[in-house]
Amino acid sequence: MTTSPAKYGPTKHPTDAVLTDYVSGSLRQAFSAVVAAHLEHCADCRVAVSGLEAIGGALIESLPAGDMDAERLIEAMAALDKPEPKRAQEGKPTEGRVPFGGELWLSPGMGIRRARRAGKGKDLLYLLRLPAGQITLPHGHNGVEFTTVLKGAYKDGDQIFAAGDFCELDASCDHQPQVQTDGECVCMIASERPMRTTTRIGRIVQALTGV
Amino acid sequence: MPAARRDEPDTASLVLRIAERQDKEAFKALFVSFAPRVKTYLIRHGAAPDRAEELAQETLLTVWRKATYYDPARASVAAWMFTIARNLRIDTLRREKSAVAYALTVHEPESSEETPHTARQTAQEAGRVRKAISELPPEQLQVIQLSFFGDKAHAEIAEQLCLPLGTVKSRLRLALARLRGLVGDLA
Ligand SMILES: [Zn+2]
């Protein structure tokens, strides 16, 4: 933690519980996207994910076989020579990313981009860009919040979160992170519902951005 | 070579036969051994039986179409099948498509240096993981199964079991510690 984390990969990782929820598919979309952003930076967690997928495979093999209508195999065999249906092609992995909207300007060097589709419910997914040295407004959280740092670094208490680092906060946390002074910081953030602002100016920003 | 419990090396060679020469007999054998279990997996996630059959069928068809992408040194056939079935489940049952596309891009094209395994090692590991799962203490097995088959995140699992979240997490951690030790260097 005392050395530059960028050189050795992220130092702050999702917990086993978060990675398991990610692999099993039970994380909601906004949160899943933030974990995926960490995985892009983190070879260790990609290996952990492969291990969890191996466990998922072994669990499927240990399940009892369901009764399949024999017709299903016949249909599948008949489909083998047909071209791939369009829907399946759309589902192919692409370089596509979660689509984010245009940046909403907040103040010099500071902006926010909301994801166009953050999935079900009231989940929020957004990119937050803060200038070097920026101290955020003090705030707390009403629910779980996941953050992956995409660029730069910020300090929260005595911990530094640098590019690739992952942070999970729950409702009990009140904090006031500060961007490091050597450059701007961009984070991808998912949260269950708008944060709890503890100041008047915070409530004004919130009204403007919906965050 | 210690024999894997089931015919694990063979399932990998079935996929390779599909990749190399569109071998329909190999597809049939894979379908028979996996589709019924994938159906059970989907039912555990709340799919109606008919829907579960359709998606199990689609899972196997995806294996047919993407067989050339399968690398037996990287993952067991079961693990690969699991990710395909999971993605179809999320796509179709939850209609949250963009995040899945996002997640898919992350760990598909992986450099092989991170997993310097042979196909045989991967297959042997799969056998060991299956065995270890069958030997987990019941309370750990329950948490592992609910984690993978139930569409519930850990906070909800804790609620369902009327256990503190910390207990659920520590059971998960203990189970993963046992299982991961068996999957190469994933400890
Ligand atoms: Zn990591």
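Everything numeric here is computed off the predicted structure, so don't read it as measured data. (Residues numbered from 1 in each chain as written. Chains lettered and ligands numbered in written order. Predicted model: local features only at pLDDT ≥ 70, side-chain atom pairs only at ≥ 80, totals over all residues. Heavy atoms only, no water.)

**Focus on the overall build of chain A**
We apply this condition: The helix and strand labels rest on DSSP assignments: H or I over at least four residues marks a helix, E over at least two residues marks a strand, and numbering proceeds from the N terminus. Note on exposure labels: buried denotes an accessible area under 20% of the residue type's maximum, exposed denotes more than 50%, and partly exposed covers the range between, all computed with a 1.4 Å probe on protein chains only. Every residue pair with non-hydrogen atoms within 4.5 Å of one another is taken to be in contact. Only the protein chains shown count as covering a residue, and every accessible area follows the Shrake-Rupley method with a 1.4 Å probe.
When helices and strands are counted, chain A shows seven helices and twelve strands. Burial statistics for chain A: of 211 residues in total, 49% are counted as buried. Partitioning the contacts of chain A with sequence separation of at least 6, the portion at a separation of at least 24 is 67%. Carbon and sulfur atoms make up 54% of the accessible area of chain A, which totals about 9900 Å².

**A short note on the side chain of Thr59 of chain B**
Residue and element names in this part refer to chain B. Formally: Under the rule applied, a polar contact is a pair of N or O atoms within 3.5 Å (in protein, one hydrogen donor and one hydrogen acceptor; residues adjacent in sequence only if both atoms are side-chain atoms).
If you trace the backbone, Thr59 turns up in helix α3 (residues 49–66). Side-chain polar atoms of Thr59 contact the backbone oxygen of Leu55, separated by 2.8 Å. In this structure, Thr59 is in contact with Val38, Met81, Ile84, Ala85 and Leu88, ignoring residues within four places of it in sequence.

**Structural notes on the side chain of Asp123 of chain A**
Residues and elements named next belong to chain A. Along the chain, Asp123 falls in the loop between β2 (110–114) and β3 (124–130). For Asp123, a relative accessible area of 8% puts it in the buried group. Side-chain polar atoms of Asp123 contact the side chain of Arg28, separated by 2.6 Å.

**Some words on helix α8 (residues 154–161) of chain B**
For the α-helix, the turn length of 3.6 residues means that residues three or four positions removed from each other point alike. As a reminder of what qualifies: Note: the arc covers the axis-to-C-beta directions of the helix.
Considered for burial, the residues of α8 of chain B that qualify are His154, Ile157, Ala158 and Leu161 of chain B. For α8 of chain B, the arc enclosing every buried residue in end-on projection is 100 degrees, short of the 170-degree limit, so these residues lie on one face. Residues of α8 of chain B that are buried in the fold lie against α2 (16–24) of chain A together with α7 (138–148) and α9 (165–180) of chain B. Where α8 of chain B terminates, the next one or two residues include Cys162 of chain B, which has phi positive at roughly 55 degrees.

**With respect to the coordination of the zinc ion**
Octahedral six-donor coordination of a metal ideally yields angles of 90 or 180 degrees, compared with 109.5 degrees for tetrahedral four-donor coordination. All names here are of chain A. Note the threshold: Note that water is not among the atoms considered, so a metal site may appear incomplete; the donors listed are N, O and S atoms within 2.8 Å of the metal, with 3.2 Å applied to Na, K and Ca. Square planar and octahedral sites, with four and six donors, are those where opposite donors lie more than 155 degrees apart and all other angles lie between 65 and 115, tetrahedral sites have four donors with every angle between 85 and 135 degrees, and the rest are irregular.
Surrounding the zinc ion are the protein donor atoms His13 (ND1), His38 (NE2), Cys42 (SG) and Cys45 (SG), which sit 2.0 to 2.3 Å from the metal. One can describe the donor arrangement at the zinc ion as tetrahedral, given that its four donor atoms subtend angles of 101 to 115 degrees at the metal. Counting the intervening residues between successive donors of the zinc ion yields the motif H-x24-H-x3-C-x2-C. Taken as a pair, His13 in the loop between α1 (5–8) and α2 and His38 in helix α3 (residues 29–41) lie far apart in primary sequence, 25 residues in all.

**Some details on the nonpolar core**
The condition is simple: Only buried residues count toward a nonpolar core, which is a set of Ala, Val, Leu, Ile, Met, Phe, Trp, Tyr and Cys residues joined through side-chain atoms within 4.5 Å.
Of all hydrophobic cores here, the largest spans 84 residues; its most connected members are Val35, Ile55 and Leu125 of chain A together with Phe27, Leu30, Ile144 and Phe148 of chain B. If one sorts the elements of this core by residue count, helix α2 (residues 24–44) of chain B sits on top with nine residues. Apart from the residues within four sequence positions on either side, Leu30 of chain B is in contact with Thr11, Leu14, Val15, Ile18, Ala35, Leu60, Val63 and Val77 of chain B. Counting 16 residues, the second-largest nonpolar core is a separate cluster that includes Ile112, Leu130, Val179 and Ile189 of chain A.

**Quick word on the domain arrangement of chain B**
Residue and element names in this part refer to chain B. Counted only if it meets this: Segment limits for the domains were obtained from an automatic or database-derived domain assignment. Summed over both partners, the accessible surface that disappears when two parts come together, traced with a 1.4 Å probe, is what is meant by buried area. Nonpolar residues are Ala, Val, Leu, Ile, Met, Phe, Trp, Tyr, Cys and Pro. Charged residues are Asp, Glu, Lys and Arg, and all others, Gly as well, are polar.
The domain architecture assigned to chain B consists of domain 1 (11–104) and domain 2 (131–186). With six residues of domain 1 at the contact, the number on the domain 2 side is four residues. Of the roughly 470 Å² buried between domain 1 and domain 2, counting both surfaces, carbon and sulfur atoms make up 57%. If you sort the residues of domain 1 by the area they bury against domain 2, Arg44, His45 and Phe82 come out on top, with a joint share of 71%. The interface formed by domain 1 and domain 2 holds one residue pair in polar contact (both at pLDDT 80 or more) in total. Counting only elements with at least two residues in the side of domain 1 that touches domain 2, the list comes to α2 and α4 (77–94). Broken down by element, the residue count for the side of domain 1 that touches domain 2 peaks at three residues, all from α4. Tallied by class, the residues present in the side of domain 1 that touches domain 2 amount to two nonpolar, one polar and three charged.

**Remarks on the pattern of salt bridges**
When the charged atoms of two side chains with opposite charge come close together, those side chains can pair. Residue and element names in this part refer to chain B. How we decide: Throughout this description, the term salt bridge denotes a Lys or Arg side-chain nitrogen within 4 Å of a carboxyl oxygen of Asp or Glu.
As enumerated under the stated definition, the model contains 15 salt bridges over all chains in all. Among the salt bridges present, the one from Lys39 reaches Glu53, with a minimum N-O distance of 2.9 Å. Linking Lys39 in helix α2 with Glu53 in helix α3, this pair joins segments that are 14 residues apart in sequence. Summarising the burial analysis for this pair, Lys39 and Glu53 share the class buried. Here Lys131 makes a salt bridge to Glu135, at a shortest N to O gap of 2.9 Å. Judged by relative accessible area, Lys131 falls into the partly exposed class, the value being 47%.

**Things to note about the environment of Tyr154 of chain A**
All names here are of chain A. On the secondary structure map, Tyr154 appears in strand β6 (residues 153–156). Here Tyr154 falls in the buried class, since its relative accessible area comes to 8%. In sequence terms Tyr154 and Cys187 are 33 residues apart; their C-alpha atoms lie 9.6 Å from each other.

**Some words on the packing of helix α4 (residues 43–62) of chain A against α7 of chain B**
Quick note on the threshold: Every axis corresponds to a line fitted to the C-alpha atoms, with the helix fit spanning only the stretch in contact, and the corresponding angles, defined between N-to-C directions, vary from 0 to 180 degrees. Roughly parallel means an angle under 35 degrees; roughly antiparallel, over 145; roughly perpendicular, 65 to 115; everything else is oblique.
Packing of α4 of chain A against α7 of chain B brings their axes to within 11 Å, and their N-to-C directions diverge by 100 degrees. By the angle between their axes, α4 of chain A is roughly perpendicular relative to α7 of chain B. In this structure, α4 of chain A uses Leu52, Ile55, Gly56 and Leu59 of chain A to contact α7 of chain B, whose residues at the interface are Ile144, Gln145 and Phe148 of chain B. Here the residues of the contact of α4 of chain A with α7 of chain B are counted per class, giving five nonpolar, two polar and no charged.

**Overview of α2 of chain B**
Residues and elements named next belong to chain B. Worth spelling out the cut-off: A helix is expected to span 1.5 Å multiplied by its residue count minus one. One axis fitted to the seven residues ending at a residue, another fitted to the seven starting there: the angle between these axes is the bend at that residue.
A rise of 1.5 Å per residue sets the reference length of α2, with its 21 residues, at 30 Å; its end C-alpha atoms lie 29 Å apart and thus fit the reference within 8%. Phe34 marks where α2 bends most, by close to 35 degrees; the proline Pro36 follows one to four residues later. Along α2, the residues classified as buried are Ala26, Phe27, Leu30, Phe31, Phe34, Ala35, Pro36, Val38, Lys39, Thr40, Tyr41 and Leu42. Positive backbone phi, at 95 degrees, marks Gly46, one or two positions downstream of α2.

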